[in-house]
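Chain and residue survey
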Amino acid sequence: MKKTAAFFDIDGTLYRETLMSELFKKFISHELVAENKWTDEVRPAFMKWDRRQGDYDSYMQKIVKIFKETTLGLSKEHVEHIARLVIMQKGDRLYQFTRNEIKRHKSEGNLIIAISGAPIELVREMARKHGFDDYRGSVYETDEHGIYTGKSFPMGDSESKNKEVDKLVEKYNIDLSKSYAYGDTAGDFLMLSRVGHPYAINPTRELINRITSTQELLDKIKIIVERKDVIYRIDPHDIDLI
C-alpha cells in the first residue's frame, strides 16, 4: 500500500528565520569566525535584505561562502556539537501554521520529511527535535578522519530537492498525488508542483510569479501568510502584487 508524505522546507517555512544565520552567530561566539566577517561581509547583505532593498539569496550566499571557509579543516564532531546547541536554543521558533500541520500529519499517520538547503548537521537536529521520519539537507564533505574538505553538495535549489523527492518516493513507496509539500521560495517550486496538496508559506515574489504562470500548480496550491498573531489564506488566482 502506498504511503502519504508531507515534505517540509525548513527556513522560512517551518522555522521563522534561517538556521544558517543562527549557526553563523554561534561560530562567532565560539571564535571560529572573526566578528569582522559579520560586520564587513554578511551584515551589509543582511541589512539590504532586512530593509527590502536587496534579495535574500545574496545574504544567504555570503553565509554559505563563509560557512565553507570556516568548516574547512574542522572536525565534523565540532560542527555537530554547535548545531545541537543552535537547535536546542532556537529550534522552537516555528510558524504556528506549519507546527500545527506537523501535528496533524502525525495524527493521520503520514510520513513527515524535511528537505532543506541548510547544512545536514542542522537539518538532522531539527528533524530529531520535531519527530520527522526522514530528512535531507546540504552535505559538506568530510574525509576519512571526519575533517571537512571544503567540497559541498547543496540542497537549496529546486532540481536538487526534486531529485531527493524521487529517492524518497522509491524508498517509502509514496503516493505523490495524495501527499503534501510546504515551501516558501523558488527552490521549493518543483517539490510543490509534484504533490497533490502544495502549500506556499509566506512565499517570495519569485515563487508567486512561478505559481501564477503555472496553471496546474495555480489550481491546486494554497497560499498561507502568517504575520504576528494572524494566519490567513490568499486566493492564488486573485493576487495583486504591488
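Above this text sits the structure in question.
A quick note: this is a predicted structure, and the numbers were derived from the prediction, not measured.

**Quick word on the pairing of strand 5 (residues 180-183)**
Neither face of strand 5 is left uncovered, since the one carrying Y180 and Y182 and the one carrying A181 and G183 both have all their residues buried. Both strand 1 (residues 5-8) and strand 5 contribute to a ladder of three bridges, which runs parallel. Paired with A6 across the two strands is Y180, which belongs to strand 5. Bridge analysis of strand 5 against strand 6 (residues 197-201) gives four bridges, and the strand direction is parallel. Considered in strand 6, the bridge of A181 is made with P198. Assessed by its sense of winding, the connection that carries the chain from strand 5 through helix 8 (residues 189-194) to strand 6 is right-handed.

**Brief notes about the nonpolar core**
Membership of the largest hydrophobic core comes to 43 residues, with the highest contact counts inside it found for L23, F132 and Y182. Top contributing element to this core by residue count: helix 1 (residues 19-29), with six residues. I115, A181, L192 and I223 belong to the second-largest nonpolar core, a separate cluster that totals 23 residues.

Reading guide: rules and limits
- Residues numbered from 1 in each chain as written.
- Predicted model: local features only at pLDDT ≥ 70, side-chain atom pairs only at ≥ 80, totals over all residues.
- Heavy atoms only, no water.
- Buried < 20%, exposed > 50% of the residue type's maximum accessible area, 1.4 Å probe, protein only.
- Helix = DSSP H or I, 4+ residues; strand = E, 2+ residues; numbered from the N terminus.
- Pairing = 2+ DSSP bridges.
- Right-handed = clockwise from strand over helix to strand, strands pointing away.
- Core = buried A, V, L, I, M, F, W, Y, C linked by side-chain atoms within 4.5 Å.

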